[in-house]
Amino acid sequence: MSMTSQEWWALIHGMGLGAVYLLAFAGGLAGLYSFRPEWLTESGVAERARRLDWGVWVMAIAAWLTCITGTWIVYPWYRAKPPEGTTDLADFPRYFLLDNPNLAAWHTFAMEWKEHVAWFAPLIATAVAYVVWRYRGELAVRKQMRDALIVMFVLAFAAAAVAGLFGALITKAAPVA
Amino acid sequence: MATKSMTETPDGPAAAAILSSAIGCLVIGLMTTGAEISAGLKAALNVYDPVGPLGGKTLVGVIAWAISWGVLHNMWKNQDVGFARRFRLSLWLLAIGFVLTFPPFFELFAAE
């Protein structure tokens, strides 16, 4: 069993960093939702704030690394142009998909949406991480701000979910190999 | 727990962080649709051939995010600015950004 470097990078991008992001989201969301004074003691707030801080920064960093590796390392292999006269397009995923009317929407819709909307995730996740870090224990008593962070957190997840889901499905239709 | 003593930080820094992330997303959306409308913009965004215009679109969005965050943070770091109002504005900008990156929308402007 062996894997090409392209396959390794696709794995790191999607299954490694993407999975860390999704796991950190689940932990962060639960942490933010339950970060309320009526459910925590004073020492519980301090302990939870530290844990939440770690979780949201892991999510933000994973989002940045996922987008950077996806855009600047994996994507060029996906959109590589086949040499003139190439008939077997299997190594050129973008052209392989566009060449097949039954598969073309994986590029024209799925990849076109995924490659842009994915970049919303690191920006939003960084904003959430910064606010959690800056306000720490205060968030327990700032319900409005906490609720806003939950909304932003879910939006960051939605952007990443579109990218992750379509990424997996596109890879199934035309893997980068 | 003493509620008053735990809410001493002004809400400006939070509003700046959230609004600037929405501005960055909006700019990515504007670049995405803009590249379909203008061939010149699409070419200008092609900062690295193997990545194509995607590289420029996202770089411009990230730069807009960083600059707007710096500017807003400096303006609001010691103030209460009405967090709820800034958050609602952020949601509008994000919604527009999402629409601008949605292929059925931006393909309306694609050159044939």
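Residues numbered from 1 in each chain as written. Chains lettered and ligands numbered in written order. Predicted model: local features only at pLDDT ≥ 70, side-chain atom pairs only at ≥ 80, totals over all residues. Heavy atoms only, no water.

Participant: When you look at the overall build of chain B in this model, what are you seeing that I'm missing?
Facilitator: Scanning chain B for helices and strands turns up five helices and zero strands. When the elements of chain B are put in sequence order from the N terminus, they spell out α-α-α-α-α. In terms of overall size, chain B is more extended than a compact globule, its C-alpha atoms giving a radius of gyration of 17 Å where 112 residues would be expected to give roughly 13 Å. Once the C-alpha set of chain B is aligned to its principal axes, its extents read approximately 60 × 25 × 20 Å. Burial status across chain B gives 51% buried among its 112 residues. Relative to all contacts within chain B whose residues are 6 or more apart in sequence, the contacts with residues 24 or more apart total 77%. Working note: accessible area of chain B is about 5,300 Å², and carbon and sulfur atoms make up 66% of it. A distance of 11 Å separates the average location of the 7 positive side-chain charges in chain B from that of its 7 negative side-chain charges. (Helix = DSSP H or I, 4+ residues; strand = E, 2+ residues; numbered from the N terminus. Rg over C-alpha atoms; globule rule 2.2 N^0.38 Å. Buried < 20%, exposed > 50% of the residue type's maximum accessible area, 1.4 Å probe, protein only. Contact = heavy atoms within 4.5 Å. Areas by Shrake-Rupley, 256 points an atom, 1.4 Å probe, with all protein chains shown as cover. Lys, Arg positive; Asp, Glu negative; His and termini not counted. Charge placed at Lys NZ, Arg CZ, Asp CG, Glu CD.)

Participant: In this structure, what is going on with the overall build of chain A? I would like to understand it.
Facilitator: Broken down by element type, chain A carries six helices and zero strands. Beginning at the N terminus, the succession of helices and strands in chain A can be written as α-α-α-α-α-α. Taking all 177 residues of chain A together, 50% fall into the buried category. Summed over all atoms, the accessible surface of chain A reaches about 8,500 Å², with 66% contributed by carbon and sulfur. Placing the 14 positive and 13 negative side-chain charges of chain A at their respective mean positions leaves the two points 9 Å apart.

Participant: Explain the pattern of salt bridges here, please?
Facilitator: Think of it this way: side chains of opposite charge can pair up when their charged atoms draw near. Residue and element names in this part refer to chain A. A complete count under the given rule lists three salt bridges over all chains for this structure. Ionic pairing is found between Arg136 and Asp53, a salt bridge with its closest N-O pair at 2.7 Å. Here Asp53 lies in helix H2 (residues 42–78) and Arg136 lies in the loop between helix H5 (120–135) and helix H6 (143–173), a separation of 83 residues in the sequence. Measuring nitrogen to oxygen at the nearest pair gives 2.6 Å for the salt bridge that ties Lys143 to Asp147. Of this pair, Lys143 and Asp147 both sit in helix H6, separated by four residues, roughly a single helical turn. (Salt bridge = Lys/Arg side-chain N within 4 Å of Asp/Glu carboxyl O.)

Participant: What is the right way to look at H5 of chain A in this model?
Facilitator: An α-helical turn contains 3.6 residues, so any two residues separated by three or four positions project in the same direction. Under the 1.5 Å per step criterion, the end-to-end length of H5 of chain A is 23 Å for 16 residues, consistent within 8% with the ideal 22 Å. Of all 16 residues in H5 of chain A, 14 are buried, a share of seventy percent or more. (Expected span 1.5 Å × (residues − 1).)

Participant: Would you mind going over the interface of chain B and chain A with me for this structure?
Facilitator: The parts lose accessible area when they come together, and the size of an interface is often stated as this lost area. With 48 residues of chain B at the contact, the number on the chain A side is 38 residues. The junction of chain B with chain A conceals about 3,800 Å² of combined surface from both sides, 78% of it contributed by carbon and sulfur atoms. At the boundary of chain B with chain A, the tally comes to zero salt bridges. For the pair chain B and chain A, the number of links is seven residue pairs in polar contact (both at pLDDT 80 or more). Of all the secondary structure elements, the ones that give two or more residues to the side of chain B that touches chain A are helix H1 (12–37), helix H3 (53–76), helix H4 (83–100) and helix H5 (103–106) of chain B. (Buried area = accessible area lost by both parts, 1.4 Å probe. Polar contact = N/O pair within 3.5 Å; in protein donor to acceptor, adjacent residues only side chain to side chain.)

Participant: Would you take a moment to explain the side chain of Ser68 of chain B for this structure?
Facilitator: Residues and elements named next belong to chain B. As for its position among the elements, Ser68 is in helix H3. Taking the relative accessible area as the measure of exposure, Ser68 reaches 11% and is therefore buried. Not counting the four nearest positions on each side in its chain, Ser68 is found in contact with Ser20 and Ile23.

Participant: Explain helix H1 (residues 5–33) of chain A here, please?
Facilitator: Residue and element names in this part refer to chain A. The end-to-end C-alpha separation of H1 is 40 Å, in line with the 42 Å expected for 29 residues at 1.5 Å each. The principal kink in H1, of about 30°, is found at Ile12. Taken as a whole, H1 has its buried residues at His13, Leu17, Gly18, Tyr21, Ala24, Phe25, Gly28, Gly31 and Leu32. In the core, the buried residues of H1 are packed alongside H2, helix H4 (104–117), H5 and H6. (Bend = angle between axes of the 7 residues up to and from the residue.)

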